[in-house]
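Below, each chain spelled out in residue letters.
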Amino acid sequence: MAVARGDEPADLVLSGGHVLSVFTKEWLDVDVAVQHGHVVGLGKYDGRQTLDVAGAYLVPGFVDAHMHIESSKLMVDEFARAVLAHGTTAVVADPHEIANVLGTDGIHWLLDCCEDIPLDVFVMASSCVPASHFESPRRPFTTGDIESLLRRSRTIGIAEMMNFPGVIAGDAAELAKLTTGLTNHVDGHAPGVRGPALNAYIAAGIGSDHEAITFEEALEKRRLGMWVLLREASIARNLRDLLPLVKQHGTDRCAFCTDDREPDFIVEQGHINQMVRVAVEEGISPEDALVMATINPATYHRLWQLGAIAPGYQADILVLDDLKSFHPRQVLKRGAPPRHVKVDVPEWVRQTVSLAPLDATSFRIPAGPKKIRVMRVIPAQLLTGVEVVEPRVKEGCVVADPARDLVKIAVVERHHASGRVGLGFATNVGLKRGAFASTVAHDAHNIVILGVDDRDMAACAMRLAEIGGGIVVAEGGRAVEELPLPIAGLMSDRPLTEVHERLRSMERRLNAMGVTMASPFMTLSFLALSVIPELKITDRGLVDVSRFELVPLGIE
């Protein structure tokens, strides 16, 4: 209090900058006084240390309103190093990726890892493990599991409720997850849900959605009181399409999130600062864009000490040279440069791939049906379409047909060595030869494979078992390039630059093999997610998400 009154010098004073008030969207030419890691005053102050930021813009650290750390393919310490450089000082994460592989033990371990890193990581308790009953995780979560997570100090609510059909239908088991009595803060996941179904979903107590892909859908959800989390992920790049919502109706109940962002996106374009930059390029005022990156996500998530430069708020401060690039000259975390640490990874987190014996015959599909369902990959979206085509038959089997851009897709169960393999076909992939596969396969994270040759598909799966998970490209019956992801089969133990360079090299190889889709590995990983329309695949078979049921490959 004495420092705030000006009676004693502050630990640190930032002087000469233009300070954003996120409450009035004004720029204030005042000093910022910091004491014990918090802002204690704006005005004229003396300090034991003074940082001259003459002419710079001071804004709060960015807050990511919804994301999955595991999608970065980086361990949490390396992820923190990557995003803090771009000005993200806090994230709200749903750890349901590691939850599907390692259960609650995995989430508790991840939370423990976050205690010493300079990035503030808050967690929403994963609500849908598995995402639906069509998927096969290590083990399903119970309401008791969710309650155990909610008792952790950095767990602030219930994560995205992906089983929207169950909630809308009033399924008692799903509603029980939302009514534990430990929190009333619940994130949503409602792709394409409109009208009475949306009313029912919101009435269950769900407060946000990050799946809107059109202005009309986002507007309907906001009109009904939902927070709209504008998403810019590696695949689902919805920001530009949703910015008219802000232009016409302001920033209320709007916040930025990255959801699933790969290393190449972070290295080459940034993190939340990239979304601020794009918004300004599209005609949103810098002040409005910054509000959606700071105070709005903090307010929605009830993080009352984050998101502003004002007395009582944590001193997470970015020093910007301009309001165009939004690349920080300096990042202060609790009033000081971030201090990075290395996190140790125990061996039990690395042993997660368990396969039944398999070979090329495991991927054979007997001939029979005259027509087959084919999954159509949609560029830059998590959604897929469905086509009905005549299959190519060779030696009594339905096979890939690269000339028509028909490739085989498989999901191999990898948690319990059950031997289950779901088989189907996809198009709009472009693959002409070989196969590629990943243990990053939302949300149960079994092995997902795209290929035109059964031997190569088998080679991918076997190599993934040998390296403890990751991404593999195979050709000529053997693995030719790989990125090991030994931590739960989801994350690397290597530095960001190394992971980025390896992924780029593998993408170049896939391009040479004919692959045309952008972000091929992230795209591959979402083809097994059974809660995003229209046609998906799991180890149990093809899923018609609109009807929420398994469907056969063949159509008579």
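As a starting point, this report considers the structure included with it. (Residues numbered from 1 in each chain as written. Predicted model: local features only at pLDDT ≥ 70, side-chain atom pairs only at ≥ 80, totals over all residues. Heavy atoms only, no water.)

### Examining the sheet that holds strand S13 (residues 208–209)
Pairing between the strands of a sheet comes from backbone hydrogen bonds, and it takes one of two forms, parallel or antiparallel. Threshold: Any two strands with at least two DSSP-identified bridges between them are counted as paired. Secondary structure elements follow DSSP: runs of H or I of four or more residues count as helices, runs of E of two or more count as strands, with numbering from the N terminus. Pairs of residues are marked as contacts when any of their non-hydrogen atoms sit within 4.5 Å. Here an angle of 0 to 180 degrees is reported between the N-to-C directions of two axes, which are lines fitted to C-alpha atoms, with helices fitted over the stretch in contact.
The strand order S13-S14-S15 describes an open sheet built from three strands, whose pairing is parallel. Of all the strands in the sheet, just S13 and strand S15 (254–257) have a single pairing partner and so form its edges. Pairing of S13 with strand S14 (residues 227–231) involves two bridges; the strand directions are parallel. By the bridge assignment, Asp209 is partnered in S14 with Val228. Contacting S14 and S15, helix H9 (residues 239–249) runs over the sheet at an angle of about 145° to S14.

### Focus: helix H14 (residues 454–467)
Operational definition: To estimate how far a helix should reach, multiply one less than its number of residues by 1.5 Å. Between buried and exposed lies partly exposed: a residue is buried under 20% and exposed over 50% of the maximum accessible area for its type, with that area taken using a 1.4 Å probe on protein chains only.
Taking 1.5 Å per residue, 14 residues should reach 20 Å; H14 reaches 20 Å between its end C-alpha atoms and fits that length. All of the buried residues in H14 are Asp454, Asp456, Met457, Ala458, Ala459, Cys460, Ala461, Leu464 and Ile467. In this fold, the buried residues of H14 make contact with strand S23 (406–412), strand S25 (435–438), strand S26 (447–451), strand S27 (470–475) and strand S28 (478–484). Just downstream of H14 lies Gly468, where phi reads positive at about 80°.

### Considering the pattern of salt bridges
Counted only if it meets this: Here a salt bridge means any side-chain nitrogen of Lys or Arg lying within 4 Å of a carboxyl oxygen belonging to Asp or Glu.
Considering all chains together, one arrives at 36 salt bridges under this definition. One salt bridge in this structure joins Asp453 and Arg455, with 3.9 Å as the shortest N-O distance. The salt bridge involving Glu466 is made with Arg463; its shortest N-O contact spans 2.8 Å. You can see Glu466 and its partner Arg463 sitting in helix H14, three residues apart, about one turn around the helix. Ionic contacts of the salt-bridge type, sharing partners, join the residues Asp120, Arg154, Asp316, Lys333 and Arg334 into one network.

### Examining H9
Rule in force here: It is the directions from the helix axis to the C-beta atoms that the arc portrays.
Looking only at H9, the buried set comprises Leu239, Leu242, Leu243, Leu245 and Val246. Each buried residue of H9 lies within a common arc of 145° when the element is viewed along its axis, so the set occupies one face. Positive phi appears at Gly250, one or two residues downstream of H9, with a value of about 80°.

### What to know about the pairing of strand S10 (residues 120–125)
Within a regular strand, side chains alternate between the sheet's two faces. The condition that has to hold: Throughout, right-handed denotes a crossover for which the path from the first strand over the helix to the second runs clockwise when the strands point away from the viewer.
With six of six residues buried, S10 is to be regarded as a mostly interior element. With burial as the criterion, each face of S10 is covered, one bearing Asp120, Phe122 and Met124 and the other bearing Val121, Val123 and Ala125. In this structure, strand S9 (residues 88–93) lies alongside S10, joined through four bridges in parallel fashion. Each residue of the ladder has a partner; that of Ala90, found in S10, is Asp120. A crossover connection joins S9 to the parallel S10 through helix H3 (residues 96–113); in handedness this β-α-β unit is right-handed. Each parallel crossover has a hand, and the one from S10 via helix H4 (residues 143–150) to strand S11 (residues 155–161) is right-handed.

### Section: the nonpolar core
How we decide: Buried residues of nine kinds, namely Ala, Val, Leu, Ile, Met, Phe, Trp, Tyr and Cys, make up a nonpolar core once their side-chain atoms join them within 4.5 Å. For the domain bounds, the source is a domain assignment made automatically or taken from a database.
Counting 168 residues, the largest nonpolar core has Phe256, Phe436 and Leu450 as the members making the most contacts within it. With nine residues, H3 is the single largest residue contributor to this core. Looking at which domains feed residues into this core, each of domain 2 (60–304) and domain 3 (363–553) gives three or more. Not counting the four nearest positions on each side in its chain, Leu450 is found in contact with Val407, Lys408, Ile409, Ala426, Val429, Leu431, Ala435, Phe436, Met517, Leu524 and Leu527.

### Things to note about the environment of Arg253
How we decide: Under the rule applied, a polar contact is a pair of N or O atoms within 3.5 Å (in protein, one hydrogen donor and one hydrogen acceptor; residues adjacent in sequence only if both atoms are side-chain atoms).
If you trace the backbone, Arg253 turns up in the loop between H9 and S15. By relative accessible area, which is 37% here, Arg253 ends up partly exposed. As for Arg253 and Arg223, which are separated by 30 residues in sequence, their C-alpha atoms are 9.9 Å apart. Residues within four places of Arg253 in sequence aside, it is in contact with Gly225, Met226, Trp227, Val228 and Asn296. In terms of polar contacts, Arg253 uses its side chain to reach the backbone carbonyl oxygen of Gly225, at 2.7 Å.

### Here's the deal with the packing of helix H11 (residues 272–281) against helix H12 (residues 286–293)
For clarity, the cut-off: Should an angle lie under 35 degrees it is considered roughly parallel, over 145 roughly antiparallel, and from 65 to 115 roughly perpendicular; all remaining angles are considered oblique. A clockwise turn of the near helix away from the far one marks a right-handed crossing, whereas an anticlockwise turn of less than a right angle marks a left-handed crossing. Any residue that is not Ala, Val, Leu, Ile, Met, Phe, Trp, Tyr, Cys, Pro, Asp, Glu, Lys or Arg is counted as polar, Gly included; the first ten are nonpolar and the last four charged.
Close contact between H11 and H12 brings their axes to 9 Å; oriented N to C, the two are set at 150°. As far as their axial angle goes, H12 and H11 are roughly antiparallel. Here H11 and H12 pass one another in a crossing that is right-handed. Contacts between H11 and H12 involve Ile272, Val276, Ala279 and Val280 on the former and, on the latter, Pro286, Ala289, Leu290 and Ala293. Of the residues contributing to the contact of H11 with H12, the split by class is eight nonpolar, no polar and no charged.

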